[in-house]
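Tertiary structure, described
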Amino acid sequence: AISSSQNFRLTIIEQAHNTMTLTTVVGSSGSGKTTFLNDVHKSNKCTYIRQYHTMRPYIPVSKIPNFDPTGLPYWEIYENEGKGDSIQVGGTMAGEFTAGLSGGQRKLLLFELICQRTADQSELLIALDEPFAGVTDDFVPFIVERLNDLRKKHNVILVTNDHVETLTEMADNTITVSAINRTVVKVNDMEGVDRQRAIFALSLGDDYQYNSSSEDLKFFAQTEIMSPQLLGVTMFSVFSHALFVATFWDSSRDSAGLVLVAGSIIAFFCINPYLLALTEWRNAMEEEAEALMHSSKALNRALKTCLTIMLVFLLSWAEYGVVQATIDGLDSIEQWVAMFFDSASMTFPLICLGIYTKLGFQQVEILGTMPFLLMIFLSTTFSPGSGVEGLKELRYLFSRFYWWCIVPGVQDDMEGCPDDDLNTLYMILASLVGVFVFLVWQFIGAIRSKKADVAQAKLRESMFDEEFHQLQVSLYGEKALKRLNHMTSSMHSTGTPVMEA
């Protein structure tokens, strides 16, 4: 009788197709296999499925654009249960668990997604970290089948701790990393190969071409506008503003400043949970893009930014409405303009940091809420005219200061208010100070990144020699290198050397 492991091994060998190459990265735990794969990904920007790949858990599987979920081996179960249109990706995001697919099912989803996306293209580099982790034995043949489908047109590199012997026999190349000396690796029978040289040699492949369509916009609308996060913010805002009206009803005009402070704090705390979740949203969205779920990181960032700003806009109108309901004398449209830009001054930095940086949650929370904290200290609106000379001149950087210059009963106490015809302009400009600082920071970061890219390109060129050529021949073969010569110009533009075979 043939054991299940022997049957699995025979299945792999029988299904293998060697048009392109399959490379396995092996080594003991802690030897740096995943780090090696990450560095290949950074070097080539290849399609990538991580060991614990993150996706937004509230995404309906059936709504993924240009994807046929019936190719999944478990999909018939959900269709029979009548859940085909409603089942979500599932998982945890921002501390909230969403029921849906299991971890192993999500990995199978990513495999099927990549296979469908790349079916009409060729010569991509696809990186897979622990493709069998979290998947039960009954679904292993599905992964094997998809691996062999992928290697028909694309070069595949994978890290594995499962079925190592069988996959090593199936593979065209085996790279062994060591926890003892991480500067070198073993490539097939070649001992002591410089680790960086091996990474550059592996980094061959066309860029995946994703054609954007209206389906991507529809996908964003279905997942984000109808998301549980947005619903939560809406319900919390309705409750908070209703409570504001009930508790501040019939306030005296002499309390205008206090009422406005309360309204602005409530508006900030209503949207704050949504803003703080942007960090995890960004991380999940970027990993989805690596797995080809949607067309563009840039497009999704832009759409999310517009949605968040629209939320700030609507909350400013809610703030304006409840203030009008509780106190007289603050009904001019200039008061709403002040509310919106005051809110913008405290929320736009959080939007920028949460969506457009690589910062972690705690860093985004600290830096993003800094404008709110500095406004309390430096705007002089909590104690007009107070503060150390020189330091209190910083009040002109805060839109709250210009707002207080038009609040009845408070404006006479404010020191150094500009003329009425300039006050609104200065208020708007002050609200964008945080965004300006962020853009300067990003510009400096771009310069540093450019210098790092130049240094990386020089390092690549320094390794472009006969030894490098022989390493590529060992990995891809002479015929493959000739076939890849059409990519020479594009590779040289990014600094990846390709030598004529």
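Conventions and cut-offs
- Residues numbered from 1 in each chain as written.
- Predicted model: local features only at pLDDT ≥ 70, side-chain atom pairs only at ≥ 80, totals over all residues.
- Heavy atoms only, no water.
- Buried < 20%, exposed > 50% of the residue type's maximum accessible area, 1.4 Å probe, protein only.
- Helix = DSSP H or I, 4+ residues; strand = E, 2+ residues; numbered from the N terminus.
- Pairing = 2+ DSSP bridges.
- Right-handed = clockwise from strand over helix to strand, strands pointing away.
- Axes fitted to C-alpha atoms, helices over the stretch in contact; angles between N-to-C directions.
- Contact = heavy atoms within 4.5 Å.
- Core = buried A, V, L, I, M, F, W, Y, C linked by side-chain atoms within 4.5 Å.
- Phe/Tyr/Trp six-rings, centres within 6.5 Å; stacked < 30°, edge-to-face > 60°.
- pLDDT = per-residue confidence, 0-100.
- Patch = residues over 30% accessible without salt bridge, like charges linked within 9 Å, V, L, I, M, F, W, Y side chains within 5 Å.
- Areas by Shrake-Rupley, 256 points an atom, 1.4 Å probe, with all protein chains shown as cover.
- Salt bridge = Lys/Arg side-chain N within 4 Å of Asp/Glu carboxyl O.
- Lys, Arg positive; Asp, Glu negative; His and termini not counted.
- Charge placed at Lys NZ, Arg CZ, Asp CG, Glu CD.
- Disulfide = S-S within 2.5 Å.

Observations regarding the pairing of strand β5 (residues 125-129)
- Within β5, 5 of the 5 residues are buried, which leaves it mostly tucked inside the rest of the structure.
- Residues Leu 125, Ala 127 and Asp 129 point to one face of β5 and Ile 126 and Leu 128 to the other, with burial holding for every one of them.
- Bridge count between strand β2 (residues 47-49) and β5: 3 bridges; the pairing is parallel. In the sheet register, Tyr 48 faces β5, and the bridge partner there is Ala 127.
- Here 5 bridges tie β5 to strand β6 (residues 155-159), and the two strands are oriented parallel to one another. Each bridged residue has a counterpart across the sheet, and for Leu 125 the counterpart in β6 is Asn 155.
- Regarding topology, helix α5 (residues 140-150) serves as the crossover connection from β5 to the parallel β6, and that connection is right-handed.

Topic: the sheet that holds strand β7 (residues 173-177)
- Strand order in the open sheet formed by 7 strands is β2-β5-β6-β1-β7-β8-β9, and the pairing between neighbours is mixed. Edge positions in the open sheet fall to β2 and β9 (190-194), since each of these has one partner strand only. For this sheet, the mean angle separating the axes of adjacent strands, direction not counted, is 20°.
- As paired strands, strand β1 (residues 22-26) and β7 are joined by 4 bridges and run parallel to one another.

What about the side chain of Glu 288?
- Tracing the sequence through the fold places Glu 288 in helix α11 (residues 278-290).
- Not counting residues up to four positions away in its chain, the partners in contact with Glu 288 are His 53, Thr 54, Met 55, Arg 56, Ile 59, Met 293 and His 294.

What about the nonpolar core?
- Judged by nonpolar contacts, the single largest core of 56 residues is most densely connected at Leu 260, Trp 403 and Trp 404.
- Elements with a contribution of two residues or more to this core: α9 (228-248), α10 (256-276), α11, α12 (297-326), α13 (333-356), α16 (399-404), α17 (420-431) and α18 (433-462).
- Among the elements that make up this core, the one with the highest residue count is α13 (13 residues).
- Beyond its immediate stretch of four places on either side in the chain, Leu 260 contacts Glu 319, Val 323, Leu 330, Gln 335, Met 339, Trp 403, Trp 404 and Val 407.
- Among the nonpolar cores identified, the runner-up in size contains 40 residues, and Met 55, Ile 114, Leu 128 and Leu 158 belong to it.

As for the packing of aromatic side chains
- Going through the model one piece at a time under the given rule, you end up with 18 aromatic pairs.
- Centroid distance Phe 340 to Phe 341: 5.0 Å. Interplanar angle 75°. Geometry classified as edge-to-face. Assigned by exposure class, Phe 340 and Phe 341 land together as buried.
- When the centroid spacing of 5.2 Å and the interplanar angle of 80° are considered together, the rings of Phe 401 and Tyr 402 count as edge-to-face. Of the two residues, Phe 401 and Tyr 402, neither departs from the other in class, the shared state being buried.

What about the environment of Ala 318?
- Among the secondary structure elements, Ala 318 is positioned in helix α12.
- Separated by 81 residues in sequence, Ala 318 and Ser 237 place their C-alpha atoms 8.6 Å apart.

Looking at the confidence of the model for the protein
- Put simply, the protein has an average pLDDT of 85, and 90% of its residues get 70 or more.
- Mean pLDDT values for the elements of the protein range from 43 in helix α20 (residues 488-493) up to 96 in α13.
- This stretch, residues 485-501, has a pLDDT under 50; its non-local contacts, to residues over four places away or in other chains, come to 42 contacts.

What about a negative patch on the surface?
- Among the surface-exposed residues, Asp 68, Glu 76, Glu 79 and Asp 85 lie close enough to one another that they form a single negatively charged patch.
- Within the fold, Asp 85 resides in the loop between α3 (75-80) and β3 (91-93).
- With relative accessibility at 65%, the residue Asp 85 sits in the exposed group.

Digging into the state of the cysteines
- Summed over the entire model, instances satisfying the criterion amount to 1 disulfide.
- With its sulfur 2.0 Å from that of its partner, Cys 405 forms a disulfide with Cys 417. As the torsion about the S-S bond is roughly -85°, the Cys 405-Cys 417 disulfide counts as left-handed. Of the two residues, Cys 405 sits in the loop between α16 and α17 while Cys 417 sits in the loop between α16 and α17, which places them 12 residues apart along the sequence.
- In this structure Cys 405 comes out as buried when scored by relative accessible area, which is 6%.

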